[in-house]
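Each chain, letter by letter, is given below.
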Amino acid sequence: MSRKLLLENAHIEGIRYYDVYRKNGGYRSVEKALKMTPEEVVEEVKKSGLRGRGGAGFPTGMKWSFIAKPEGVPRHLVCNADESEPGTFKDRYLMEFLPHLLIEGLIVSSYALGSNTTYIYIRGEYAWIPDILEQAIAEAKANGFLGKNILNTGFDCEIYVQRGAGAYICGEETALIESLEGKRGNPRIKPPFPAVKGAWDRPTVVNNVETLAAVVPIINMGGEEYAKIGVGRSTGTKLISACGNINKPGVYEIDMTISVEEFIFSEEWCGGIKNGKRLKACIPGGSSVPILPANLLLKTAKGEPRMMNYESLADGGFATGTMMGSGGFIVFDEDQCVVKNTYTLARFYRHESCGQCSPCREGTGWMEKLLLRLEKGQGKTSDIDLLWDIQSKIEGNTICPLGDAAAWPVAAAIRHFRDEFEWHVTHAAEAQTRNYGLAHY
Ligand code: SF4
């Protein structure tokens, strides 16, 4: 049984509302934090080892300590609720069913960072959630946890919900800031980093929904206690949104000590592969991380069981980070066509490219066309090499990580499933008629 810190009370009827949330221990972390100095709150988060839950896995306490503090200039905290990574829906669950947990985490984090005006930037497609968040904000304010002079400590804080308009790129922090300012969501060149020059040129920290919610148990239990949960540098718990060809899709909270095999096949979690099929592959952290074939997914390069944590999910041919990503766990059964699924992802990235950089703007479109040609059995072997060449020229040559995110799935698919790409060339007639299903993401 994995420990629960965020979803512990998710089953309680009415937990979405202030009275029930408060009765079950809600807002204790605000009472505790506001008796500490902001620096002490940052220190607790550093001690906890919390890593950003949006995808990059950067230490949150360290990120907070980078914020510039020029005299007389307001600072902002922005909650990144633009959860648009295919396969990822855990922030939606938190906001929909535990909105006060997020608001509580935001108040504590705003205090730590000195933000008196804090924003939640939420993806446009989550059209029904802003009302839930605004109701929670109003309830928190009516009970003295937001507004002027919170709990008579002299700390003022307002939280505003800003709706996005449906662009994936606005999940990138500088594009999000541009959009928040009312402009087109184009990523900015860094430096300057948002911690120095962010929203309206003011020092700004952008954190993911789950990251900010995790601040609540950290303050309640203390950073050191939180760091004892999990393993190594993968401390605390992590939400995973599991989908694809599994018996029990859903949002799960894990303490990062279980193996990938256990997570997929245990009744407590995904409940095994649907319809008794065999496991073929998995994208373990949202569509921007590589697809892994079953053998590499279940065992590390050293032959040890692969675990559901940042370190163990870091040696799958993904040079620049961890495959834990955003926690979007997409499982493929033996009937899934890797070429078709890679095409679907390429189409997504081509559609979502903002078009500022040539490698991303042109490369994503080129990859989509080549993948479609191959998938339809109209491609040549040289198309596979061309595809490899294009993805390698996108990676590392763009303003923002969307370019890398578009290149990595293609690279991993060719690296691990080249024979399947070749099959689409050598069995062209069959490829044209074969009707593969798509994973449900
Ligand atoms: Fe825009 Fe793509 Fe360049 Fe990012 S990498 S700035 S999405 S064109």
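Keep in mind it's a predicted model, so treat the numbers as computed, not measured.

Student: How would you summarise the environment of Asp335 if you had to cite specific residues and measurements?
Tutor: Within the secondary structure, Asp335 is located in the loop between strand S12 (328-333) and helix H13 (338-352). In this structure Asp335 comes out as partly exposed when scored by relative accessible area, which is 37%. Along the chain, Asp335 and Tyr121 lie 214 residues apart, while their C-alpha atoms are 38 Å from each other. A distance of 2.8 Å separates a polar atom in the side chain of Asp335 from a polar atom in the side chain of Lys277.

Student: Got a sec to walk through the packing of aromatic side chains? Specific residues and values, please.
Tutor: Tallying each qualifying case throughout the model produces 17 aromatic pairs. Measuring from centroid to centroid gives 5.2 Å for Tyr111 and Phe155, while their planes differ by 75°, and the two rings are edge-to-face. Linking Tyr111 in helix H6 (residues 99-113) with Phe155 in strand S4 (residues 155-163), this pair joins segments that are 44 residues apart in sequence. The burial state of Tyr111 is the same as that of Phe155; both residues are buried. In textbook terms, an aromatic cluster arises when at least three aromatic residues are bridged by ring pairs, as seen for Tyr18, Tyr21, Tyr27 and Phe145. Positioned over the ring face of Tyr310 is Arg51, at 4.2 Å from the centre of the ring.

Student: Which residues make up the packing of H6 against helix H9 (residues 209-221), and what are the values?
Tutor: Direction vectors running N to C along H6 and H9 enclose 75°, while the axes themselves pass 7 Å from each other. Considering their axes alone, H6 and H9 lie roughly perpendicular with respect to each other. In this structure, H6 contributes Leu101, Leu102, Glu104, Gly105, Leu106, Val108 and Ser109 to the contact, and H9 contributes Val209, Leu212, Ala213, Val215, Val216 and Ile219. In terms of residue class, the contact of H6 with H9 is made up of 10 nonpolar, two polar and one charged.

Student: A description of the sheet that holds strand S9 (residues 250-254) should follow, citing residues and the corresponding values.
Tutor: Taken in spatial order, the five strands line up as S9-S8-S12-S10-S11 in an open sheet, and their pairing is mixed. Among the strands making up the open sheet, the edge pair consists of S9 and strand S11 (292-293). As paired strands, strand S8 (residues 238-244) and S12 are joined by four bridges and run parallel to one another. Within the sheet, the bridge partner assigned to Ala242 lies in S12 and is Phe329.

Student: Before we move on, could you go through unusual backbone geometry and cite the residues and values that matter?
Tutor: Across the junction of Lys190 and Pro191, the peptide omega takes the value -5°, indicating a cis bond. That bond from Pro191 to Pro192 is cis: its omega, 5°, falls within 30 degrees of zero. By the secondary structure assignment, Pro192 is in the loop between helix H8 (173-180) and strand S5 (204-208). One non-glycine residue, Leu151, adopts positive backbone phi at about 50°. Mapped onto the elements of the fold, Leu151 is located in the loop between strand S3 (147-150) and S4. Since its relative accessible area comes to 33%, Leu151 is described here as partly exposed. Its identity is not glycine, yet Met256 carries a phi of approximately 65°, on the positive side. With respect to the helices, strands and loops of the structure, Met256 is situated in the loop between S9 and helix H11 (260-265).

Student: Give a description of the pairing of strand S2 (residues 115-122) that names residues and reports values.
Tutor: Most of S2 sits inside the fold, with six of its eight residues counted as buried. In this sheet, S2 lies alongside strand S1 (residues 75-81) in parallel orientation, the contact comprising seven bridges. Bridge assignment links Arg75 to a residue of S2, and that residue is Ser115. Taken together, the six bridges between S2 and S4 define a ladder with parallel strand orientation. Note on S4: the bridge partner recorded for Thr117 is Glu158.

Definitions and cut-offs
- Residues numbered from 1 in each chain as written.
- Predicted model: local features only at pLDDT ≥ 70, side-chain atom pairs only at ≥ 80, totals over all residues.
- Heavy atoms only, no water.
- Helix = DSSP H or I, 4+ residues; strand = E, 2+ residues; numbered from the N terminus.
- Buried < 20%, exposed > 50% of the residue type's maximum accessible area, 1.4 Å probe, protein only.
- Polar contact = N/O pair within 3.5 Å; in protein donor to acceptor, adjacent residues only side chain to side chain.
- Phe/Tyr/Trp six-rings, centres within 6.5 Å; stacked < 30°, edge-to-face > 60°.
- Lys NZ or Arg CZ within 6 Å of the ring centre and 35° of its normal.
- Axes fitted to C-alpha atoms, helices over the stretch in contact; angles between N-to-C directions.
- Parallel < 35°, antiparallel > 145°, perpendicular 65-115°, else oblique.
- Contact = heavy atoms within 4.5 Å.
- Nonpolar A, V, L, I, M, F, W, Y, C, P; charged D, E, K, R; others polar.
- Pairing = 2+ DSSP bridges.

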